[in-house]
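In case you want the letters, here they are:
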Amino acid sequence: MTPERKESPRSPSRTGMRLIVPLQGVVQGRGGLILGSLIPCALFYFLQFYLKRHRSDAPSRSSSANLSELSRSPSRANLLSRGSSGRANISVRAGSVAKPNDSPYYVGLDRAREDPYDEIDNPGGIVQLGLSENRLSLDLIEEWFSKKLTNLSAGVGDETSKLSRIATYQPMDGLENFKLVMADFMTEVMGRSSVTFDPSRLVVTSGATPALEMLTFCLADPGNAFLVPAPYYPGFDRDIKWRTGVELIPVHCRSCDNFTLSIIALEQAYNQARKRGQKVRGILISNPSNPVGNLLHRDMLCDILYFARERNIHVISDEIFAGSRYGDEEFVSMAEVVESEDVDKERVHIVYGLSKDLSIPGFRVGVIYSYNENVLAASKKLARFSSVSSQTQEMLASMLSDKMFILEYLKTNKQRIRTMYDTFVAGLKGLGLECVRSSAGLYCWVDMSSLISPYSVEGELNLWEKLLYTAKINATPGSACHCIEPGWFRFCFTTLKDRDISMVLQRLRRVVESCKPVLDAIS
């Protein structure tokens, strides 16, 4: 039996049949079979033609006025009603990234960017002391470019071979000539006469951030963890965790030890992680430390390597501030220890870049230096997602090859950092604020715990808000760096000019004086 076709209540055929069937019976009864068949059919088709024409006129008239009214069909109306009930979704991982900033570190950066201090145009703006950026020696870089850039541009135009090197596809992991001069520069900054960096172990990336992320991708799986001495750079929480899904476990260091890492603290953090079921895949250290500015000595670096070998984990050494030293302490690169000690080299990976020591963060140049062939092979392929332009590499290769300029720059830059550090720290001391003893970096680690109430993260953030919104100074609170002791702040002083220091200290003085009456009343 053939199933009946279901038709819409608004179908023309169904409407016509309601009229035709009774007529067909009447006609057949009087005029015979022929007329009884033809007349109903003629009426049926006439009715269809009339209904079709009648329905098409109204939409055509309305569409000329507004195309959005063109659709009157039930199916499209249903689609529109369904589509308007919800928002277009993005992935869960992108949704977590798209959320507004909640870390005081990034909130402060955003506010300073929206209302930046300018001596002439915006003297009441926010002074940026939360960004680790060196502006003290930009004049030296600018002078070199003004002298050399014209010659470089002319050379590119005159030589087809040079043009082909920058205009065509090149190796994603870095140009060979740039790797050569970059390895020489790292040897000058970090190795001295004790170690020479091998350009074949370099992978060039667009800054230290993607270098860290790529290493994390190579060394750990989602849900695994790295141990990180704390306080640590707030950006690690994004650089490491966002796309790789790898967790960071703070290894808390204390002020009584000048915030220096100890093997005991490392063992405790490792054992606690295992009890929680977390798989630790590596140790991430900053040497020189950020935000404290102290150095890890040779013995501690050796202990870290032995600790890693015993537990079958990796070591990442972030040495991006190696050339920004101003103290008398000796800096020892992890590469120097690897070359001189009986350690498992395949577990060691170094991150470096030109953003801090060469004062050019906008050029976005970093490197991975690894002793592990599998890590190098994977990183070279992953570099396609974070490669540095050939033009940038060619330009910087010329600068790094200028040995006389590089040596003079490094010497002058260290002197300027030291002078600014001494001046700024002395000014803080005049306000009753002490700093941790440090030897490197573009910042100082300041104890402001005497100004917070209550003595907690809440009290620290209250002081941070007062600095940001009242004094118009952006500094990084210790809680953003996972510091276990409330009241510590990082101040980046290399963004200042000499004449700015008195203004900053005056603003800080108002905060200090406003906190004292409250603290005296509590005590």
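Cut-offs applied
Residues numbered from 1 in each chain as written. Predicted model: local features only at pLDDT ≥ 70, side-chain atom pairs only at ≥ 80, totals over all residues. Heavy atoms only, no water. pLDDT = per-residue confidence, 0-100. Contact = heavy atoms within 4.5 Å. Helix = DSSP H or I, 4+ residues; strand = E, 2+ residues; numbered from the N terminus. Expected span 1.5 Å × (residues − 1). Buried < 20%, exposed > 50% of the residue type's maximum accessible area, 1.4 Å probe, protein only. Pairing = 2+ DSSP bridges. Axes fitted to C-alpha atoms, helices over the stretch in contact; angles between N-to-C directions. Parallel < 35°, antiparallel > 145°, perpendicular 65-115°, else oblique. Left-handed = near helix turned anticlockwise from the far one by under 90°. Nonpolar A, V, L, I, M, F, W, Y, C, P; charged D, E, K, R; others polar.

Participant: How should the confidence of the model for the protein chain be read in this particular structure?
Facilitator: Per-residue confidence for the protein chain averages 86 on the pLDDT scale, and 79% of its residues sit at or above 70. Taken together, the stretch residues 1–30 has pLDDT below 50 and engages in 23 contacts with residues farther than four places along the chain or on a different chain. Long-range and interchain partners of residues 56–65, a stretch whose pLDDT sits below 50, account for 4 contacts in this model, where long-range means more than four residues apart.

Participant: Would you explain helix α11 (residues 298–310) in this entry?
Facilitator: Each turn of an α-helix holds 3.6 residues, which means side chains three or four residues apart point in the same direction. For α11, which comprises 13 residues, the first-to-last C-alpha distance of 19 Å matches the rise-based estimate of 18 Å (1.5 Å per residue) to within 8%. Within α11, the full set of buried residues consists of M300, L301, C302, I304, L305, F307 and A308. Residues of α11 that are buried make contact with β3 (225–230), α10 (263–275), β5 (280–286), β6 (314–318), α12 (334–340) and β7 (348–353). Positive phi shows up at N312, right after α11, with a value of about 60°.

Participant: How should the sheet that holds strand β12 (residues 476–477) be read in this particular structure?
Facilitator: By definition, the strands of a sheet pair up through backbone hydrogen bonds, in either a parallel or an antiparallel sense. Spatially, β9-β10-β13-β12 is the arrangement adopted by the 4 strands of the open sheet, whose pairing is antiparallel. Each edge of the sheet is formed by a strand with only one pairing partner; in this case those strands are β9 (434–435) and β12. Pairing of β9 with strand β10 (residues 444–447) involves 2 bridges; the strand directions are antiparallel. Among the inter-strand pairings, E434 is bridged to a residue of β10, identified as D447.

Participant: Any chance you could explain the packing of helix α7 (residues 176–191) against helix α14 (residues 390–401) here in plain terms?
Facilitator: A pair of packed helices is characterised by two quantities: the angle between their axes and the separation of those axes. In contact at an axis separation of 9 Å, α7 and α14 are set at 40° when each is read in the N-to-C sense. Looking at the two axes, α7 sits oblique to α14. Taken as a pair, α7 and α14 cross one another with a handedness that is left-handed. Between α7, through N177, F178, V181, M182 and F185, and α14, the contact on the second element is made entirely by Q393, E394, L396, A397, L400 and S401. Of the residues assigned to the contact of α7 with α14, the class counts are 7 nonpolar, 3 polar and 1 charged.

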